[in-house]
Each structure stands twice: as C-alpha cells, then as structure tokens.
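Residues per chain, in single letters:
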Amino acid sequence: MTSPFASAASLLEAKALTREFDDGQVKALRGVDFLMNEGDFVAITGPSGCGKSTLLQLLGALDRPTSGTLLYQGESLPDHPNPAAYRAREVGFIFQAFHLLPTFTASENVQIPMFEIDRSVSERRERAFELLKLVGLENRLDHFPSKLSGGERQRVAIARSLANGPSLLLADEPTGNLDSENAHSVLELLIRLQQEQGRTMVLVTHDPTIAGRAGRILRMKDGQIVSDGKS
Amino acid sequence: MTFFTVVLRGLLRRPLRTGLTLAGISIGIAAVVALVGMSRGFEKGWQVGLKARGTDLVITNKSGSLTPKPFDASVRDRIATLPRIAATCNLLVQVTSVEDSDLMILSAREWGGFSWNNLELISGRMPHDATEEAVVLGQTAAEILRKKIGDPVQIETKELKVVGIVKGGALVEDGSVILSLPLLQEITGSPNQINAIDVRATPGTNEQQLAELAQQIQQLVPEVRAVTVSEHLSHAEGFRLVKAMSWGTSLLAILVGVLGVMNTMLMTVFERTHEICVLLAVGWTRGRIMRMILYESALLGLFGGVAGVAIGAIGVKVLSEAPAIRGLLQPDLSIPLLGLSVVIAMAVGIISGLYPAWRSSRLTPSLALQAG
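Residues numbered from 1 in each chain as written. Chains lettered and ligands numbered in written order. Predicted model: local features only at pLDDT ≥ 70, side-chain atom pairs only at ≥ 80, totals over all residues. Heavy atoms only, no water.

Student: What am I meant to see in the overall build of chain B here?
Tutor: Along the backbone of chain B there are twelve helices and twelve strands. In terms of overall size, chain B is more extended than a compact globule, its C-alpha atoms giving a radius of gyration of 28 Å where 372 residues would be expected to give roughly 21 Å. Dimensions of chain B along its principal axes, counting C-alpha atoms only, are 95 × 45 × 30 Å. The 372 residues of chain B split such that 53% are buried. Here chain B displays about 15,900 Å² of accessible surface, and carbon together with sulfur accounts for 61% of that area. Charged side chains of chain B number 33 positive and 30 negative; the gap between the two group centres comes to 15 Å. (Helix = DSSP H or I, 4+ residues; strand = E, 2+ residues; numbered from the N terminus. Rg over C-alpha atoms; globule rule 2.2 N^0.38 Å. Buried < 20%, exposed > 50% of the residue type's maximum accessible area, 1.4 Å probe, protein only. Areas by Shrake-Rupley, 256 points an atom, 1.4 Å probe, with all protein chains shown as cover. Lys, Arg positive; Asp, Glu negative; His and termini not counted. Charge placed at Lys NZ, Arg CZ, Asp CG, Glu CD.)

Student: What's the story with the overall build of chain A in this structure? I'm lost.
Tutor: For chain A, the helix and strand inventory stands at seven helices and ten strands. Whereas a compact globule of 231 residues would reach a radius of gyration of roughly 17 Å, chain A reaches 17 Å, a difference of no more than 12%. Counting only C-alpha atoms, chain A reaches 45 × 40 × 40 Å along its principal axes. Classification of the 231 residues of chain A by burial places 55% in the buried group. The long-range share in chain A, meaning contacts at least 24 apart out of those at least 6 apart in sequence, stands at 71%. By element, 45% of the accessible surface of chain A is carried by carbon and sulfur atoms, the whole surface being about 9,600 Å². (Contact = heavy atoms within 4.5 Å.)

Student: How should the packing of aromatic side chains be read in this particular structure?
Tutor: Within a pair of aromatic rings, the relevant descriptors are the distance that separates the centres and the angle that separates the planes. Taken as a whole and assessed by the stated rule, the structure comprises eight aromatic pairs over all chains. A ring pair is formed by Phe115(A) and Phe3(B), whose centres lie 6.3 Å apart and whose planes are at 65°; its orientation type is edge-to-face. Residue Phe115(A) is located in the loop between α3 (106–111) and α4 (121–134), and its partner Phe3(B) is located in helix α1 (residues 3–12); the two belong to separate chains. Across the pair, exposure class does not vary: Phe115(A) and Phe3(B) are buried alike. Centre to centre, the rings of Phe3(B) and Trp284(B) are 6.0 Å apart; their planes meet at 50°, and the pair counts as tilted. Here Phe3(B) is found in helix α1, whereas its partner Trp284(B) is found in the loop between α10 (273–281) and α11 (286–320), with 281 residues between them in sequence. Aromatic ring contacts, followed pair by pair, group Phe115(A), Phe3(B), Trp284(B) and Tyr295(B) into a single cluster. Over the ring of Phe115(A) we find Arg124(A); its NZ or CZ atom is 4.3 Å from the centre of that ring. The lysine or arginine in question, Arg288(B), covers the ring of Phe3(B), its NZ or CZ lying 5.5 Å from the ring centre. (Phe/Tyr/Trp six-rings, centres within 6.5 Å; stacked < 30°, edge-to-face > 60°. Lys NZ or Arg CZ within 6 Å of the ring centre and 35° of its normal.)

Student: Quick question: what am I supposed to make of the environment of Tyr355(B) here?
Tutor: Note that Tyr355(B) resides in helix α12 (residues 335–361). The exposure class of Tyr355(B) is partly exposed, given its relative accessible area of 36%.

Student: Would you mind showing me how to read a negative patch on the surface here?
Tutor: Among the surface-exposed residues, Asp118(A), Glu123(A), Glu126(A) and Glu130(A) lie close enough to one another that they form a single negatively charged patch. With respect to the helices and strands, Asp118(A) occurs in the loop between α3 and α4. (Patch = residues over 30% accessible without salt bridge, like charges linked within 9 Å, V, L, I, M, F, W, Y side chains within 5 Å. Salt bridge = Lys/Arg side-chain N within 4 Å of Asp/Glu carboxyl O.)

Student: Would you take a moment to explain the sheet that holds strand β1 (residues 10–21) of chain A for this structure?
Tutor: Working definition: the strands of a sheet are paired by backbone hydrogen bonds and lie parallel or antiparallel to each other. Residue and element names in this part refer to chain A. The sheet built from four strands is open, its strands ordered β2-β1-β4-β5 with antiparallel pairing. This sheet does not close on itself; its edge strands, each paired only once, are β2 (26–37) and β5 (75–76). Its contacts with the sheet put helix α1 (residues 52–59) on β1, β2 and β4 (67–72), and the angle it makes with β2 is roughly 55°. (Pairing = 2+ DSSP bridges. Axes fitted to C-alpha atoms, helices over the stretch in contact; angles between N-to-C directions.)

Student: Whenever I open this one, the interface of chain A and chain B confuses me. Can you help?
Tutor: How large an interface is tends to be reported as the accessible area lost when its parts come together. Each partner contributes residues to the interface: chain A has 25 residues there, and chain B has 24 residues. When the area that chain A buries against chain B is broken down by residue, the three leading residues are His99(A), Phe115(A) and Glu116(A), summing to 24%. A salt bridge links Glu116(A) to Arg288(B), with the nearest nitrogen and oxygen atoms 2.5 Å apart. If you look at where chain A meets chain B, you find ten residue pairs in polar contact (both at pLDDT 80 or more). For the side of chain A that touches chain B, the secondary-structure elements that each account for two or more residues are α1, α2 (83–90), α3 and α4 of chain A. (Buried area = accessible area lost by both parts, 1.4 Å probe. Polar contact = N/O pair within 3.5 Å; in protein donor to acceptor, adjacent residues only side chain to side chain.)

Student: What should I look at first to understand the confidence of the model for chain B in this one?
Tutor: Regions with low pLDDT should not have their predicted coordinates read in detail. Confidence in the prediction of chain B, expressed as mean pLDDT, is 85, and 93% of residues score 70 or more. The ipTM value of the predicted complex is 0.90, and its pTM value is 0.74. (pLDDT = per-residue confidence, 0-100.)

Student: Looking at this structure, I do not really get the confidence of the model for chain A. What am I missing?
Tutor: For chain A, the average pLDDT comes to 90, and 96% of its residues sit at 70 or higher. Note that pLDDT drops below 50 for residues 1–7 of chain A; the model gives that stretch 15 contacts with residues more than four away or on any other chain.

Student: Sorry, what's going on with the sheet that holds strand β7 (residues 168–172) of chain A here?
Tutor: Residue and element names in this part refer to chain A. In space, the six strands of this open sheet follow the order β6-β7-β8-β3-β9-β10, with mixed pairing throughout. Bordering the open sheet on either side are β6 (91–94) and β10 (224–229), each of which pairs with just one other strand. Strand-to-strand, the axes of this sheet are offset by a mean angle of 20°, without reference to chain direction. Sheet contacts for α2: β6 and β7; angle to β6, the most-contacted strand, approximately 75°. Across the sheet, helix α6 (residues 180–197) lies against β3 (41–45), β6 and β8 (200–204), angled at about 155° from β8, the strand it touches most.

Student: Just to check I follow, could you spell out the packing of helix α2 (residues 15–52) of chain B against α12(B) for this structure?
Tutor: Relative placement of two packed helices is described by the angle separating their axes and the distance separating the axes. Residue and element names in this part refer to chain B. Packing of α2 against α12 leaves a shortest axis separation of 10 Å and a crossing angle of 150°. In terms of axis orientation, α2 runs roughly antiparallel to α12. As α2 packs across α12, the resulting crossing turns out to be right-handed. Together, Ile25, Ile29, Val32, Val33, Val36, Gly37 and Arg40 of α2 and Leu337, Leu338, Ser341, Ile344 and Ala345 of α12 make up the contact between the two elements. Its residues placed into classes, the contact of α2 with α12 shows nine nonpolar, two polar and one charged. (Parallel < 35°, antiparallel > 145°, perpendicular 65-115°, else oblique. Left-handed = near helix turned anticlockwise from the far one by under 90°. Nonpolar A, V, L, I, M, F, W, Y, C, P; charged D, E, K, R; others polar.)

Student: What am I meant to see in α10(B) here?
Tutor: Helical geometry note: an α-helix holds 3.6 residues per turn, so side chains three or four residues apart project in the same direction. Residue and element names in this part refer to chain B. Counted residue by residue, α10 has seven buried out of nine residues, so it is predominantly covered. Buried residues of α10: Glu275, Ile276, Cys277, Val278, Leu279, Leu280 and Ala281, and no others. Among the residues trailing α10, Gly283 stands out with phi positive, at a value near 110°.

Student: Is there a simple way to explain the side chain of Thr55(B) in this structure?
Tutor: All names here are of chain B. For Thr55, the position within the fold is in the loop between α2 and β1 (57–61). In this structure Thr55 comes out as buried when scored by relative accessible area, which is 3%. Those residues in contact with Thr55 that lie beyond four places of it in its chain are Leu50, Phe114, Asp198, Val199 and Val229.

Student: Looking at this model, I keep getting lost on the pattern of salt bridges. Mind explaining?
Tutor: For side chains bearing opposite charge, pairing can occur when the charged atoms are close. All names here are of chain B. Evaluation of the coordinates by the stated rule reveals 25 salt bridges over all chains. The residue Arg17 makes a salt bridge to Glu271 at a minimum N-O spacing of 2.9 Å. With Arg17 in helix α2 and Glu271 in helix α9 (residues 237–271), this residue pair connects regions lying 254 residues apart in the sequence. In this structure, a network of salt bridges that share partners links the residues Arg13, Arg14, Arg17, Glu271, Arg272, Glu275 and Glu296.

Student: How should the pairing of β3(A) be read in this particular structure?
Tutor: Residue and element names in this part refer to chain A. Of all five residues in β3, five are buried; the element is thus mostly enclosed. Here β3 shows no split at all, with Phe41, Ala43 and Thr45 on one side and Val42 and Ile44 on the other all buried. Relative to β8, β3 runs parallel, the two sharing four bridges. Counted as the bridge partner of Phe41 is Met201 from β8.

If you want it as structure tokens, here you go:
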C-alpha cells in the first residue's frame, strides 16, 4: 500500500515487509507497504499484538525484517553497514516506560547517546542543558530519575531522543504511563518539537484521541495495515 | 560526564556486591603478596647473609636441602689448591629449636675462618678460642631468646655461655646463634663433619670465572655441589617446595578471584540486560558496551589489587614479627612484586570480564522496547 501523501521527499519506504518469529509460527507483520515523507507525523494504531511495536523496531533498526524491502532515504535499512550509527544519528527513541538509566542524572541521561558522536565533554554538557531547557527541565539537571515525576521523566527521555539531532522520532506509547494531565503536556511537547523542527515522527498509540493529532494514521490489524489516511 | 564516569557508575550501582567482590580479589592478591613476599624474602635474606660473610660459592652435598646432610671436612683439602680460591671456611649449619624458640639458625664456623669477619660486636666479646664453651648471638637472636651477656644457653645437651652479641649485616646473621665448629661437632657427636664450605674467590673473579670454578670443584669432588650465592637456595629441595607451594596457593587464590569477578560481572550483565539494550537502542555500539563491561571488571581488579597489596603488606609485616619466624626472614615487599601483584589483579579483572562483555554485546536492542 503506497501512501497517497507522497508529495515531499521520501524518508522511509516499506514494500511487502514481513517479520516472523518462532520459525514462522508467529507472523507479526504480513506484507506491510507504506511511504513516509520527511516532516510527516504518522500515528500507528491498532489492537495489542497487531504488529505496531514490531514495525517500530524495524524502523529503528532494532530488528531485521524476515522479508520485504525497507528503505531509509533510498538505502536498504536492513543492509545498513552500521545500524548503531543509524540509531545514534538518525533516530530518536521515546519509550512508554521512559527507560532512563537510574544511576545517571537527567543531564547525564541526555548525554548518553552523544558518546557515539564527536563531542567534547563540555559540548555534551551544554547540549544536554539546551535540550532540557527545551523540554522545560532546566532546573532538574542534576536530579536522578527516581526524584522526578513521571511526566518529567518522559520529558528527559524526549530530550535524550533529540540528543544527536535525529531526522526520525520513534515514540512507542509515549503517554501510556502518564496521568491525563502529564499525557497532554507531553503530547503537546512532542507535537511542538515535531512541527517546529520539521522532524518525521512515528507514534504508536492505542489512544484514538492521540492518534487524531497526527497528520496521518496507519491502522493495523493482524500484522497488516488496514487503513492509511488523514486523521 | 566522561566514559569513565559511566564505568564508575556501573560499579557503584551495587556497592555491597562491588565491595564483596573487591574483598574477594583483595584476599587473593594479599595471598600472593604474603606468600610470594615471604618466600622471596627468605631467599633474599639467605643470599644477603651469605654475601655479608663475603662468600662467593657455597659447597654442600647433593642432597639439596636448606641444611644439607653432613660430609667429611677433608673435602676442603681436596679443593684448596684450585686457582681463584682465596679462602674457605667450613661450616655446620642447622635450623633447629633453641630453648623457647622453635626455629633458630645454629651456625657453627671454623675457628679463624673468614665467615667470622663480618660479625661486628655490639656488646661482650668473641670466644677466646675454638674450644671455649661459648656462643655469640646475633642481635635478633638475643632478643628472641631474651639473653644477655653471661646468660647460659642450652644447645641440645650442652649448656653454653653467651659471651657476645653481634650484628652481621644481614637478617639471617642477626637471627643466628654462632659458635665455633669443633664445639657443635662435639655436641652433635659428629667430629670432622661439616655441611657447607663457604668459598671466597680471589678479587677480580667475574661471574663466568666463578661458574667455571664451581664446575672445577664438582669435577674434582663429584659428591658435592658447588653453587654461587644466588643459586644456593634454588637447589634446596625444601625451599623449592615452599616456593612452589606459595605460588600454587597464590594461583588458587587468584583463580577464586577470577571466578568471583566473573560471577559479579555476569550478574551485572544479567541485571542490566534492559539497561544495556537501552544503550544499544540509543546508538551505542557493541564495542562500546564491551569496553564498558571490560573497564568495569578491570577497575574491580585494579582497586582489588591495590587493596590486596596493602592488606598483604600489612599482614606479612605482622607475620614476620611472629615468634615462630621472627629473625628468619624479612619479607620481600619490593616495588616489582607489589607492581606485579596489581598487574595480576588487573589481568584477573580483564580476563574475568571477557565472557560477560561478550555476552553483553550479544544482547538484542529490541528488548529495550518491551515494557520494563
């Protein structure tokens, strides 16, 4: 299935993408096709087990497809010579459970991805400050995750995802662990960052209200995209 | 934040476990320092004692023990004419119990031999002649036996008189009871028996010429062994056994250390599976993950090594003052040994970290997306 909104430059393209587990007994993705352009904000929705997170893992080069084609800027992503470099430079992950490292402060957590690019210690520290300021946590630099609220932790995670200036943000239920107030503010922050900085964002969610904020919704069921359209 | 900070935080994550692992390595390294330091100290002390007497070669029989079996004193006459021999001194040396001391060196020397010359009187006098029933005590021996000038000292069945206290320029000399050779031969009922000949070479004799002289002596008297001072103990079976046991025990202690660190690092990797997957997900390479685990285990080794060296050094100092061995050895706590111990500890850390590091690098980053 090709996106009807392929007007801008193509960033991601999938053709007949499949992912199977347990020697083919479990088919998580069954021939997925899509095209995503630079600057798109795409929500992926669907019931549990429909393949949303598996698709997100393939987009982030955390996993490889069983068959099919997945292109990033026209190059085969599964054949990328250095998937770690792709994850470090091109992708920012935001997880439902935040996944901050508990023994590092907010500032240090944001600096973690920067080890893979050429930045000095002071440059890393300054960049972390800028990003935490961007998400409204400039007064929480030296706080450990255990001393932060859920909403603040997710904001740190968002700052971390932006550490190396990625072109693609992948968010897996980013508000799933937050109360409604924090969920709202985190979502607004993500949307603001996506719009202001023109990044491509793929957001997996169960929540139709959140999906409705995206420019485009891919609905999945049983490992396939069953609808692709504007929200 | 530097990469070192990341490594350090990994260790501080579980301070109790890190502490216990450090204790494990420390004990292993302390064992190395203590056992090897003591055996090397004993070897060194013995060599220094011989050198202090001005001895270049030692002749013993081939039994190869620290106090070798006696042989006939006439051996000396058979080698006396060899070139490059400046002087000889017959000895009968025993390591035995003297009164309350379990281990005491009893050093009987040919009256008038050069092996008396290094002894410097601190108090009293030297025996008048070879037959006077008197001993001089090294200063440490006098302390251990709690003797002063004029006190009697029981040597086997004979009571002798302490006439002098001396220092001999070496721990072994200072820890000895020194008497004339005929006196001990009479006490032990073995007239004309000796178990060592100290040989002093003519001035200017080099190492190679000494080795040739030793060879000539052995050719002339095949039943004896002539060795240089530095080789003397290496031919002693008892000492070789002690040395092998000290290294063997040390290796066992090191092996325990290796298993301890490996266990800790594996636990770390298992516990931090999720964290490592997050690091992979945010772009860390497998190489960097491996380096992180390896640096952590190497640091464990380094810290454990430093602590172990300190514990071992203090322990061995305390041990060397124990009544049973006091005066017999000065532990060798040389910088090379202490440095080697720290290097061993770091190697233990690195080797122990290899498998956990490899395991950590095999983790799948997609696990990070699963709830945790």
